Amino acid sequence: ANIEDLTENRIVIAGANGELEDTAEVTYDGTTFRVDGDGYFTGNLDVDGDITLQGNIKIGDTAIDTVEVVADFTSNLVPDASDTFDLGSATKTWNTVYANRLEVNSIALDDNSIKSMQSNANIDLIPNGTGEVKIDTDTALIIPVGTTTQRPTAEVGQIRYNITKEVFEGFA
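Structural notes, computed from the coordinates. Every value quoted in this text rests on a predicted model; they were computed, and no experiment measured them.

Here is what the cut-offs are and how they apply
- Residues numbered from 1 in each chain as written.
- Predicted model: local features only at pLDDT ≥ 70, side-chain atom pairs only at ≥ 80, totals over all residues.
- Heavy atoms only, no water.
- Helix = DSSP H or I, 4+ residues; strand = E, 2+ residues; numbered from the N terminus.
- Rg over C-alpha atoms; globule rule 2.2 N^0.38 Å.
- Areas by Shrake-Rupley, 256 points an atom, 1.4 Å probe, with all protein chains shown as cover.
- Lys, Arg positive; Asp, Glu negative; His and termini not counted.
- Charge placed at Lys NZ, Arg CZ, Asp CG, Glu CD.
- Pairing = 2+ DSSP bridges.
- Patch = residues over 30% accessible without salt bridge, like charges linked within 9 Å, V, L, I, M, F, W, Y side chains within 5 Å.
- Salt bridge = Lys/Arg side-chain N within 4 Å of Asp/Glu carboxyl O.
- Buried < 20%, exposed > 50% of the residue type's maximum accessible area, 1.4 Å probe, protein only.
- Axes fitted to C-alpha atoms, helices over the stretch in contact; angles between N-to-C directions.
- Phe/Tyr/Trp six-rings, centres within 6.5 Å; stacked < 30°, edge-to-face > 60°.

1. Quick word on the overall build of the protein chain
Then, number 1: When helices and strands are counted, the protein chain shows zero helices and nine strands.
Then, number 2: When its helices and strands are written in sequence order, the protein chain yields β-β-β-β-β-β-β-β-β.
Then, number 3: Whereas a compact globule of 172 residues would reach a radius of gyration of roughly 16 Å, the protein chain reaches 32 Å, over 25% beyond that.
Then, number 4: The principal-axis extents of the C-alpha atoms in the protein chain amount to approximately 105 × 35 × 30 Å.
Then, number 5: For the protein chain, the computed accessible surface area is about 16600 Å², with 49% contributed by carbon and sulfur atoms.
Then, number 6: Across the protein chain, the 10 positively charged side chains and the 30 negatively charged ones have centroids separated by 20 Å.

2. So, the sheet that holds strand 8 (residues 159-162)
Backbone hydrogen bonds are what pair the strands of a sheet, in a parallel or an antiparallel way.
Then, number 1: Strand order across the open sheet formed by three strands is 7-8-9, with mixed pairing between neighbours. Whereas interior strands pair on both sides, the edge strands pair on one side only; in this sheet they are strand 7 (145-146) and strand 9 (167-170).
Then, number 2: In the sheet, strand 8 pairs with strand 9 via four bridges, with the strands oriented antiparallel. Paired with Arg 160 across the two strands is Glu 169, which belongs to strand 9.

3. Re a nonpolar patch on the surface
Then, number 1: A contiguous nonpolar patch, built from Phe 41, Leu 45, Val 47, Ile 51, Leu 53, Ile 57, Ile 59, Val 67, Val 69, Phe 73 and Leu 77 and spanning about 1300 Å² of accessible area, is present on the exposed surface.
Then, number 2: Mapping Leu 77 onto the fold places it in the loop between strand 3 (33-35) and strand 4 (101-104).
Then, number 3: Residue class for Leu 77 comes out exposed when judged on its relative accessible area of 73%.

4. Notes on a negative patch on the surface
Then, number 1: A cluster of like negative charges, contributed by Glu 4, Asp 5, Glu 19 and Glu 21, occupies part of the molecular surface.
Then, number 2: The topology assignment puts Glu 21 in strand 2 (residues 20-28).

5. Things to note about the sheet that holds strand 5 (residues 107-110)
Then, number 1: Taken in spatial order, the three strands line up as 4-5-6 in an open sheet, and their pairing is antiparallel. Strands with a single pairing partner mark the edges of an open sheet, and in this sheet they are strand 4 and strand 6 (113-116). Sheet twist, expressed as the mean angle between neighbouring strand axes with direction ignored, is 15°.
Then, number 2: Judged from the four bridges that link them, strand 5 and strand 6 form a sheet pairing that is antiparallel. Paired with Ile 107 across the two strands is Ser 116, which belongs to strand 6.

6. Points about the packing of aromatic side chains
Each aromatic ring pair is specified by the distance between its two centres and by the angle formed by the two planes.
Then, number 1: For the structure on display, the rule yields one aromatic pair.
Then, number 2: The interplanar angle of 70° and the centroid separation of 5.0 Å between the aromatic rings of Tyr 161 and Phe 168 together place this pair among those described as edge-to-face.

Right under this line is the structure:
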């Protein structure tokens, strides 16, 4: 092509037989470099400045690829669908999670509290096999306290302190 046949703001390449060619798919207007269509890079890609990616993003194509994030997250990290994706695996676990609050199913861990998020639901501590539930302290264990009229429906194994009668109550 002759120079006068080329279009302004398009990238010029040497085509077949060394002829100059331009295409509307690769343009540069002095500020923005634009590629319409697929691109393929070999080697490293370094970008100085902000990046906005649109559409679906796939990072890596094998299990040995890694992702390193040095920057801070400034938004939520939300999965595409509930109860579908894992964080870690049985063989590749995270070391420590630092969080102010943790909600798993209907249990919340917040500061020093473990709370049921379902109305009137029990919290069960169930050891595996012959394990035991141990409360390891040298101070005290606080059990439920209430009046005679606040006494729950008796269930085997319950204990409480009755402030009306000033006695410990155990149900067998």
